[in-house]
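Given next are the chains, with one letter for each unit.
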Amino acid sequence: MEKKIRRIGVLTSGGDAPGMNAAVRAVVRTALAYGIECIGIRRGWAGLISGDFVNLSGSSVGHILSRGGTILYTARSDEFMTEKGRLKAVQTCRMLGLDGIVAIGGDGTFRGALELSRLGVPVVGVPATIDNDIGCTNYTIGFDTACNTAIECIDRLRDTMQSHERCSVVEVMGRNAGFLALYVGIAVGATAVLVPEHELDFQKDVVEDIQESRLAGNTHFMIVVAEGVGSAIDIGKRIKEALGIEPRVTVLGHIQRGGSPNARDRETATRMGYYAVKAFAEGNLNTIIGTQEGSIVAIPIEEALQMKKSLQMERYKIMEAMQIGGSVRIPQVND
Ligand code: F6P
């Protein structure tokens with residue numbers, strides 16, 4: 001017979017993302033609705049090792065829905081990467097009487113969760129990262145807010161670039177993936193967008209795009225670079241060498257991770273947090289919650305971590321098709 005879940009822990013781990021607090025709130029309140037107690041583990045896996053916890057009530061997670069960051073703090077733990085560290089974490093779970101852990105975070109968080117589940121602690125993962133690079137889910141909490149933050153910054157940059165007739169090179173986050181850069185690039189009408197999924201041909205992808213834009217009458221240019229491609233400073237230098245213009249380089253950095261989550265992130269985080277606890281209550285243990293075609297699903301963690309998600313290259317072509325004066329191949333329906 002399945003063991004009844006009486007008490008769970010919730011933690012946030014890895015890079016923070018807008019909407020993590022909304023997910024914590026949803027986990028706590030759903031747990032209470034199911035008659036399950038919920039303990040907050042602070043500072044991610046590191047806190048599970050050291051026993052850094054806080055009691056959470058329904059009211060203690062009030063007024064956090066709209067707050068960026070994470071009230072539980074977050075960390076990246078080297079100790080949890082070791083067997084010894086994980087065994088200490090199991091001890092903490094026993095000491096606190098935890099029947100399982102809801103782990104809110106990205107890929108690294110879920111790899112840690114898988115290892116913990118192998119030591120007998122049930123886990124459910126909730127995907128939250130501005131990178132949107134988790135294979136088992138169409139969407140990760142924080143992505144939309146981060147896109148909007150980057151867009152707002154780039155719109156401001158465009159004003160001054162337009163006045164001074166300059167070229168701007170903007171580096172956005174995303175780790176090894178180009179989701180953030182491509183969405184943002186399309187939304188700001190960038191002259192060029194460089195993503196790791198597309199092998200860079202500097203002459204064609206940057207130099208010719210600027211030249212064609214200039215021939216079409218533009219006097220300012222916006223180049224969006226995903227951090228996974230390399231340094232925007234280097235791209236700026238190469239533009240100067242090739243075209244003799246002096247680009248201004250902006251690295252948006254951690255600005256993209258902060259701020260109040262928008263409607264999509266609050267709503268998705270609330271639904272995912274709810275389904276994470278439901279998975280526990282229904283015995284759907286060792287799973288990761290994801291969105292697939294608009295529905296929320298719980299995928300077995302081993303399978304989920306094998307799943308791959310690729311940047312839709314048709315989106316890249318759409319971005320190219322928007323470039324004024326560019327000679328691009330118009331995407332075919334089945335491309
Ligand atoms: O995974 C989220 C992310 O913001 C990535 O986009 C970025 O590469 C990384 O975290 C930065 O990590 P840190 O906060 O440790 O500098």
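This one's a predicted model, so the numbers in the text were calculated from it and none came from an experiment. (Residues numbered from 1 in each chain as written. Predicted model: local features only at pLDDT ≥ 70, side-chain atom pairs only at ≥ 80, totals over all residues. Heavy atoms only, no water.)

*Asks:* Whenever I open this one, the site of the ligand confuses me. Can you help?
*Replies:* As a structural note, the neighbourhood of the ligand is formed by R76, T129, D131, M173, G174, R175, E227, H254 and R257. Residue H254 places a side-chain N or O atom 2.9 Å away from an oxygen atom belonging to the ligand. Grouping the amino acids of the shell around the ligand by side-chain chemistry returns one nonpolar, three polar and five charged. (Near = heavy atom within 4 Å. Polar contact = N/O pair within 3.5 Å; in protein donor to acceptor, adjacent residues only side chain to side chain. Nonpolar A, V, L, I, M, F, W, Y, C, P; charged D, E, K, R; others polar.)

*Asks:* Sorry, what's going on with the pairing of strand β6 (residues 167-172) here?
*Replies:* Two faces make up the sheet, and in a regular strand the side chains alternate between them. Within β6, six of the six residues are buried, leaving the element largely enclosed by the surrounding structure. The two faces of β6 match: C167, V169 and E171 on one face and S168, V170 and V172 on the other face are all buried. Sheet topology places β6 next to strand β8 (residues 221-226); six bridges connect them, and they run parallel. From the neighbouring strand, V172 faces β8, where its bridge partner is A226. (Buried < 20%, exposed > 50% of the residue type's maximum accessible area, 1.4 Å probe, protein only. Helix = DSSP H or I, 4+ residues; strand = E, 2+ residues; numbered from the N terminus. Pairing = 2+ DSSP bridges.)

*Asks:* Help me understand the packing of helix α6 (residues 179-188) against helix α11 (residues 313-321), please; the structure alone is not making it clear to me.
*Replies:* When two helices pack together, their arrangement is given by the angle between the helix axes and the distance between those axes. Close contact between α6 and α11 brings their axes to 10 Å; oriented N to C, the two are set at 30 degrees. With respect to their mutual orientation, α6 and α11 come out roughly parallel. Relative to α11, the crossing made by α6 is left-handed. For the pair α6 and α11, contact is made by L182, Y183 and I186 and by R315, Y316 and M319, respectively. Its residues assigned to classes, the contact of α6 with α11 comprises five nonpolar, no polar and one charged. (Axes fitted to C-alpha atoms, helices over the stretch in contact; angles between N-to-C directions. Parallel < 35°, antiparallel > 145°, perpendicular 65-115°, else oblique. Left-handed = near helix turned anticlockwise from the far one by under 90°. Contact = heavy atoms within 4.5 Å.)

*Asks:* Explain the pairing of strand β4 (residues 101-105) here, please?
*Replies:* Across the five residues that make up β4, a large majority, five, are buried. Residues I101, A103 and G105 of β4 are buried on one face, and the alternating residues V102 and I104, pointing to the opposite face, are buried as well. Bridge analysis of strand β1 (residues 7-12) against β4 gives four bridges, and the strand direction is parallel. Among the inter-strand pairings, L11 is bridged to a residue of β4, identified as A103. Where β4 lies against strand β5 (residues 123-127), five bridges are found, and the strand directions are parallel. The partner of A103 across the bridge, within β5, is G125. Crossover β4 to β5 through helix α4 (residues 107-118) is right-handed. (Right-handed = clockwise from strand over helix to strand, strands pointing away.)

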